[in-house]
Amino acid sequence: MLKDITLGQYFPGKSLLHKTDARVKILALIAYLVLVLSAKSAVSFAFVLSVTAIMIAISGIPLKTVLRALRPLLFILIFTAVINVFFVSGETVLFEWKFIRIYREGIENAVKMTVRLICLVGGTSVLLTYTTSPLDLTDGLERLLNPLKYIKVPVHDFAMMMSIALRFIPTLIEETDKIISAQKARGADFESGNLFARAKALIPVLVPLFVSAYRRAYELAEAMECRCYRSGEGKTRMKIIKTRPADYVFLAVCIVCCVGAILLNRVVIPL
């Protein structure tokens, strides 16, 4: 299951999304989040799914990679759907047995929440982390937040910490998988028992994982110090980010899609 978590991973490529300016992709991500969260009607949700499918197609990322990222969220998706089906009331009763009532509105909410979660995880990963290197992401975020420097906000330090955190997520997941495999080889059981027993069995994993994370952070700090890393003024870049006309077109299309989804909610009758 841990190997299915692809959050923070970068997949090199030469697709349109890979070539897009990181600053434009961050702004497009904001527009995409508004697009997903503002969808209310059946047509608007179909529009959101279409936009997500188009982004996956032009990113060059295999569909199975995106679906693999959703596997760790399967429990959350099922739990969310069940909560909405059985605990959301409405006017139209579809099924009734003793104290159990299933309403049409509950099923609608379950479908909407499931689609939203799938689009939020899959779409945001494809649009940003899968197609943007950590270095480009750091530079793009720093450039966008550059005006905050006038009020003494350490923009570069914030962007660097975010980039390092995203970069170390796959590393820590891999380290966790190695520790669990080593514990299983010594006879540890992580699969039997109830939920509390499984959680208690993970305690021996947390201690070596914390030690490993602390050691990696210390080694990274030492490596940056040995290379005379200094943030702030005077910092130069080997690669200068340049925005192309195609980047502006891509951002404009994202904004139009966002406005289109909002308009569809007003024109089309909700589910």
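Before reading on, note that the structure itself is shown above.
The structure displayed is predicted, hence computed values, not measured ones.

Below, the discussion takes up the nonpolar core. Of all hydrophobic cores here, the largest spans 34 residues; its most connected members are Tyr-32, Leu-127 and Phe-250. Elements with a minimum of two residues in this core: helix H2 (22-38), helix H3 (42-59), helix H4 (63-70), helix H6 (104-129), helix H7 (134-144), helix H8 (155-185) and helix H11 (245-267). The leading source of residues in this core is H2, at eight residues. The contacts of Phe-250, once residues within four sequence positions are left out, are Leu-17, Thr-20, Val-24, Ala-28 and Leu-127. Counting residues in hydrophobic clusters, the runner-up holds six residues, among them Ile-180, Phe-190, Ala-201 and Leu-209.

The full count for this structure, using the stated rule, is six salt bridges. Notably, a salt bridge pairs Glu-175 with Arg-216, separated by 3.1 Å at the nearest N-O pair. Of this pair, Glu-175 sits in helix H8 while Arg-216 sits in helix H10 (residues 203-226), and the two are 41 residues apart along the sequence. Asp-247 serves as the salt-bridge partner of Arg-244, at 3.6 Å between the closest nitrogen and oxygen.

This paragraph deals with H2. The first and last C-alpha atoms of H2 sit 24 Å apart over 17 residues, in line with the 24 Å expected at 1.5 Å per residue. Of all 17 residues making up H2, twelve are buried, and the element is well covered by its neighbours.

This part takes up helix H5 (residues 74-87). Taking 1.5 Å as the rise per residue, H5 with 14 residues should run 20 Å; its terminal C-alpha atoms sit 20 Å apart, in good agreement. Within the sequence span of H5, burial applies to Leu-77, Thr-80, Ala-81, Asn-84 and Val-85. Down the axis, H5 shows its buried residues gathered within 125° of arc, on one side only. Exposed positions of H5 whose direction lies more than 90 degrees from the buried face are Phe-75, Ile-78 and Phe-87.

This part covers the side chain of Ser-38. For Ser-38, the location among the structural elements is in helix H2. The exposure class assigned to Ser-38 is buried, which follows from its relative accessible area of 16%.

This part covers the pairing of strand E1 (residues 93-97). Where E1 lies against strand E2 (residues 100-103), four bridges are found, and the strand directions are antiparallel. Along E2, the bridge assignment pairs Phe-95 with Ile-102. Here E1 folds back onto E2, and the loop between the two strands holds two residues, one of which, Lys-98, carries a positive phi near 55°.

Here we take up the environment of Thr-243. Relative to the helices and strands, Thr-243 is located in the loop between H10 and H11. Remark: the alpha-carbon pair of Thr-243 and Ile-58, spanning 185 residues in sequence, is separated by 19 Å. Setting aside residues up to four positions removed in sequence, Thr-243 forms contacts with Asp-21, Arg-23, Val-24 and Tyr-248.

Together, Leu-74, Phe-75, Ile-76, Ile-78, Phe-79, Val-82, Ile-83, Phe-86 and Phe-87 line one region of the surface with nonpolar side chains, adding up to about 930 Å² of accessible area. Relative to the elements of secondary structure, Phe-75 occurs in helix H5. Note on Phe-75: relative accessible area 63%, which makes it exposed.

Our focus in this paragraph is the packing of aromatic side chains. The full count for this structure, using the stated rule, is two aromatic pairs. Consider the rings of Phe-11 and Tyr-130, whose centres lie 5.1 Å apart with planes at 90°: the pair is edge-to-face. Remark: Tyr-130 occurs in the loop between H6 and H7 and Phe-11 occurs in the segment before helix H1 (16-19); sequence separation between them is 119 residues. What makes Tyr-130 buried here is its relative accessible area of 1%. Judged by centre distance (6.2 Å) and plane angle (20°), the rings of Phe-75 and Phe-79 are stacked. Linking Phe-75 with Phe-79, this pair stays in helix H5, spanning four residues, or about one helical turn.

How each quantity is defined
Throughout this document, residue positions are counted from 1 along each chain, in the order its sequence is written. Local features in this predicted model are restricted to residues of pLDDT 70 or higher, and side-chain atom pairs are both shown and tallied only at a pLDDT of 80 or more, whereas totals for entire chains, interfaces and linings draw on every residue. Only hydrogens and water are set aside when side-chain values are computed; all heavy atoms of the structure are taken into account. Only buried residues count toward a nonpolar core, which is a set of Ala, Val, Leu, Ile, Met, Phe, Trp, Tyr and Cys residues joined through side-chain atoms within 4.5 Å. Only protein chains enter the accessibility calculation, which uses a 1.4 Å probe. A residue is then buried if its area is under 20% of the maximum for its type, exposed if over 50%, and partly exposed in between. Helix and strand definitions here come from DSSP, where helices need a minimum of 4 consecutive H or I residues and strands a minimum of 2 consecutive E residues; each element is numbered from the N-terminal end. We call two residues contacting when some pair of their heavy atoms lies within 4.5 Å. Counted as salt bridges are all cases of a side-chain nitrogen of Lys or Arg within 4 Å of a carboxyl oxygen of Asp or Glu. Expected helix span is taken as 1.5 Å per residue step, with the number of steps being one fewer than the number of residues. Summarising the geometry, the arc corresponds to the directions from the helix axis toward the C-beta atoms. In this scheme, strands are said to pair when DSSP sees at least two bridges between them. Patches in this entry comprise residues that are over 30% relatively accessible and not in a salt bridge; like charges within 9 Å are linked, as are nonpolar side chains (Val, Leu, Ile, Met, Phe, Trp, Tyr) within 5 Å. Here the open area of atoms and residues is found with the Shrake-Rupley method and a 1.4 Å probe, where only the protein chains shown may cover a residue. Centres within 6.5 Å make a pair out of two Phe, Tyr or Trp rings, where for Trp the six-membered ring is used; the pair is then stacked when the planes are under 30 degrees apart, edge-to-face when over 60, and tilted otherwise.

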